[in-house]
Amino acid sequence: MSESSVVDGVAKDLFIGGKWVAASGGRSFAVHDPSTGQRLCEVADASPADGKAALDAAVAAQPGFAAMPPRERGEILRRAYEILLARNEELALLMTLEMGKPLAEARGEVAYAAEFFRWFAEEAVRIDGGYAVAPNGNGRFLITKQPVGPTLLITPWNFPMAMGGRKLGPAIAAGCTVVIKPAEQTPLSMLALAGVLAEAGLPDGVLNVVTTSDAGAVMEPLIRDGRARKLSFTGSTAVGRKLLEQCAEKVLRTSLELGGNAPFLVFDDADLDAAVDGAMQAKMRNIGEACTAANRFYVQRGVYDEFARRLTERMAAQKMGRGTEDGVVVGPLIDDDAVRKVRELVADAVDRGARVLTGGSEVDGPGHFYPATVLVDVPRDARMSDEEIFGPVAPISVFDTEDEAVAAANDTEYGLVSYLFTNDVKRALRVSERLEAGMIGLNQGIVSNPAAPFGGIKQSGLGREGGTVGIEEFLETKYIAVSL
Ligand code: NAP
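Because the structure is a prediction, the values reported are computed rather than measured. (Residues numbered from 1 in each chain as written. Predicted model: local features only at pLDDT ≥ 70, side-chain atom pairs only at ≥ 80, totals over all residues. Heavy atoms only, no water.)

Caption draft 1: Looking closely at the overall build of the chain. Secondary structure summary: the chain contains 14 helices and 22 strands in total. The C-alpha atoms of the chain give a radius of gyration of 23 Å, which matches the 23 Å a tight globule of 484 residues would have. In terms of its C-alpha atoms, the chain occupies a principal-axis envelope of roughly 70 × 65 × 40 Å. Residues counted as buried form 56% of the 484 residues belonging to the chain. Pairs at least 24 apart in sequence give 74% of the contacts found in the chain among residues at least 6 apart. On the chain, roughly 18500 Å² of surface is accessible, and the fraction owed to carbon and sulfur atoms is 51%. (Helix = DSSP H or I, 4+ residues; strand = E, 2+ residues; numbered from the N terminus. Rg over C-alpha atoms; globule rule 2.2 N^0.38 Å. Buried < 20%, exposed > 50% of the residue type's maximum accessible area, 1.4 Å probe, protein only. Contact = heavy atoms within 4.5 Å. Areas by Shrake-Rupley, 256 points an atom, 1.4 Å probe, with all protein chains shown as cover.)

Caption draft 2: Local environment of the environment of C291. Summarising the element assignment, C291 is placed in the loop between helix 10 (272-284) and strand 13 (294-300). When the C-alpha positions of C291 and G441 are compared, they lie 14 Å apart, and in sequence the two are 150 residues distant. With near-sequence residues (within four places) excluded, C291 lies in contact with N158, L258, G260, E388, F390, L416 and F454.

Caption draft 3: The arrangement of the pairing of strand 12 (residues 262-266) in detail. Across the five residues that make up strand 12, a large majority, five, are buried. In this sheet, strand 13 lies alongside strand 12 in parallel orientation, the contact comprising five bridges. Each residue of the ladder has a partner; that of L265, found in strand 13, is Y298. Between the parallel elements strand 12 and strand 13, the chain passes through helix 10 in a crossover that is right-handed. (Pairing = 2+ DSSP bridges. Right-handed = clockwise from strand over helix to strand, strands pointing away.)

Caption draft 4: Spotlight on the sheet that holds strand 6 (residues 139-147). Sheet architecture is open: three strands sit in the order 5-6-22, paired in antiparallel fashion. Among the strands making up the open sheet, the edge pair consists of strand 5 (130-133) and strand 22 (475-483). Shown here is a sheet whose adjacent strand axes are inclined to one another by a mean of 20 degrees, direction ignored. Relative to strand 22, strand 6 runs antiparallel, the two sharing nine bridges. (Axes fitted to C-alpha atoms, helices over the stretch in contact; angles between N-to-C directions.)

Caption draft 5: Just the site of the ligand, in detail. Taken together, 30 residues lie around the ligand, and T155, R166, S236, L258 and E388 are the ones closest in. At a separation of 3.1 Å, an oxygen atom of the ligand approaches a polar side-chain atom of W157. Contact between the ligand and K181: an oxygen atom at 3.0 Å from a side-chain N or O atom of the residue. Broken down by secondary-structure element, the contributors of at least two residues to the shell around the ligand are helix 6 (162-174), helix 8 (215-225), strand 10 (230-234) and helix 9 (237-250). (Near = heavy atom within 4 Å. Polar contact = N/O pair within 3.5 Å; in protein donor to acceptor, adjacent residues only side chain to side chain.)

Caption draft 6: Structural detail: the packing of aromatic side chains. With the rule as written, the count across this model stands at nine aromatic pairs. On the numbers, 4.6 Å between centres and 40 degrees between planes, the contact of F15 with W20 is tilted. A relative accessible area of 6% means that F15 is categorised as buried. For the ring pair F264 and F421, a centre distance of 5.0 Å and an interplane angle of 20 degrees mean the geometry is stacked. In this pair, F264 sits in strand 12 while F421 sits in strand 19 (residues 417-421), placing the two residues 157 residues apart along the sequence. Judged by its relative accessible area of 1%, F421 falls in the buried class. In textbook terms, an aromatic cluster arises when at least three aromatic residues are bridged by ring pairs, as seen for F264, F297, F307, Y419 and F421. (Phe/Tyr/Trp six-rings, centres within 6.5 Å; stacked < 30°, edge-to-face > 60°.)

Caption draft 7: Expanded view of the nonpolar core. L84, F117, L168 and L207 are the most contacted members of the largest nonpolar core, which totals 65 residues. In terms of residue count, the dominant contributor to this core is helix 5 (residues 103-123) (ten residues). Leaving out residues up to four positions away in the same chain, L207 has contacts with F15, L168, V178, I180, A194, L197 and L202. One finds A262, L311, Y370 and Y419 within the second-largest nonpolar core, a separate group that totals 55 residues. (Core = buried A, V, L, I, M, F, W, Y, C linked by side-chain atoms within 4.5 Å.)

Caption draft 8: Geometry of the packing of helix 8 against helix 9. Closest axis-to-axis distance for the helix 8/helix 9 pair is 7 Å, and the angle between their directions is 30 degrees. With respect to helix 9, the axis of helix 8 lies roughly parallel. Seen from helix 8, the contacting residues are E220, I223, R224 and D225; seen from helix 9, they are L243, Q246, C247, E249 and K250. Grouping the amino acids of the contact of helix 8 with helix 9 by side-chain chemistry returns three nonpolar, one polar and five charged. (Parallel < 35°, antiparallel > 145°, perpendicular 65-115°, else oblique. Nonpolar A, V, L, I, M, F, W, Y, C, P; charged D, E, K, R; others polar.)

Caption draft 9: Structural context of the pattern of salt bridges. What the rule picks out here adds up to 40 salt bridges. With its nearest N and O atoms 2.7 Å apart, the salt bridge here joins K167 to E465. Of this pair, K167 sits in helix 6 while E465 sits in the loop between strand 21 (461-462) and strand 22; the two residues are 298 residues apart in sequence, bridging distant segments of the chain. Classification of E465 as buried rests on a relative accessible area of 5%. For E402, the salt bridge goes to R427, with nearest N and O atoms at 2.8 Å. Taken together, the residues span a long stretch of sequence, with E402 in helix 13 (residues 402-410) and R427 in helix 14 (residues 425-434) at a distance of 25 residues. Under the relative-accessibility criterion, E402 is labelled buried at 13%. A cluster of three or more residues bridged by salt bridges with shared partners is formed by D273, E306, R309, R310 and E313. (Salt bridge = Lys/Arg side-chain N within 4 Å of Asp/Glu carboxyl O.)

Caption draft 10: Seen up close, the sheet that holds strand 18 (residues 393-399). With mixed pairing, the seven strands of this open sheet are ordered in space as 16-17-18-13-12-19-20. The strands lining the two open edges of the sheet, one partner per strand, are strand 16 (355-358) and strand 20 (439-442). When the angles between neighbouring strand axes are averaged without regard to direction, this sheet yields 25 degrees. As paired elements, strand 16 and strand 17 (residues 373-376) share three bridges and run antiparallel to each other. The partner of V356 across the bridge, within strand 17, is L375. Where helix 12 (residues 336-351) meets the sheet, it contacts strand 16, strand 17 and strand 18, and its direction lies at approximately 25 degrees from that of strand 17.

Caption draft 11: Broad picture of the packing of helix 6 against helix 7 (residues 188-199). Contact pair helix 6 / helix 7: the axes reach a minimum separation of 11 Å and the direction vectors enclose 30 degrees. Between helix 6 and helix 7, the interaxial angle falls into the category roughly parallel. Regarding helix 6 and helix 7, the two cross each other, and that crossing is right-handed. Contacts from G164, G165, L168 and I172 in helix 6 reach M190, L193 and L197 in helix 7. Looking at the contact of helix 6 with helix 7, its residues break down into five nonpolar, two polar and no charged. (Left-handed = near helix turned anticlockwise from the far one by under 90°.)

What follows is the structure in structure tokens.
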């Protein structure tokens, strides 16, 4: 399986109404390999008219799909799950080529995306309802759930397949048709996923994929059109805020999975080996380009030096290189802007008094690389206390008391995830309750799981994906008042 055969094997057109079609005017844009900067291929560049055609197809397919038996919808997802596992190797290579993450992580992401299909295949047949006696004893209430309707999905580049799987799984299970727009930098994984779902038997028009170099021009008219009934978005808080405003006009249901600024607390009583392992996972998964990435490490004074020493030793040993090479953990960042931003944030922290224990240097050669870096004594006024680093940089600060740690952790507009390492069960529960986040990693560095409700509070978003609540985001509750 060569790199070129994997790229050649993916359809590069728009997927509308069950057919692969060129963009109007035959326009296309380039996709690049971030480890070399080289062009991989061209994909169709949808216009607003193509976007409208995609929404037309989703609207036309909605009644038929809503009427499909839930078991059949579930079986389509189950088949897609099996195809993804069977093709894991080629899909992982495709993802590494367009996004840069190491192959081992890309394999993990294909399996993670597939798990959403398996989970929601099982949820499709568990959509519940109710029957109740009215309080006055005369009437009866019938409660049923129905698909929200045609749905717009927008996904980011950092998890190019899993973020699609996390939305498509529940949308399909619930009986919603979809127009999905992947990120411009990583459209290939989504195009491949569309091929898998078509092969699994998804009816024409249920899934429509528009790739475009002008997200705003294509998506805004669809949001304002009024026929789509829901928007589910994963991406930055800045774009999420703008989309929420657009959704207000036609009162679209919205699910927003936005940015994070995760604190990682290590108390004196923590198991330090577990804390360092957890720190490596929370920081280095996806080269630090994850909404769940630990962005700020707060370590209690008694273990501060030892934690920093051990983390530095581990970080300094991480191999940097192209994601296709054996043993690489630090792949390239997505583009030059990402490298520039990480460089700026590190320089700013150092200017304000932080010390570099490893990394922090420029990398020569092609590709968008930044080395694994540890900073200590990072002051509160460093920009990285407030901004997502989105790179392999671990900033560490000291604290003395539990109150101080909780206050520092919550001192952010974000509230996606917080990590907490302590062996004191009372402290674990007390601090977990006080941390302002939708998810807590308690003595573990990874929280994502298709069977658990993923999502944030504050400006990290609205709604939850995964778990038993994930499908609710795509369902409306209807109540029928029955007179006896
Ligand atoms: P982004 O710039 O917000 O882009 C996300 C998606 O929105 C892309 O498909 C993008 O298209 C599209 N988009 C941009 N402007 C738009 C507009 N005006 N109208 C409609 N769509 C628009 O974010 P990103 O840089 O790709 O992703 C990184 C961010 O995502 C980080 O903040 C990260 O924390 C967050 N994230 C959150 C979660 C979560 O579950 N909470 C998961 C992963 C990532 P183009 O690519 O074509 O511009």
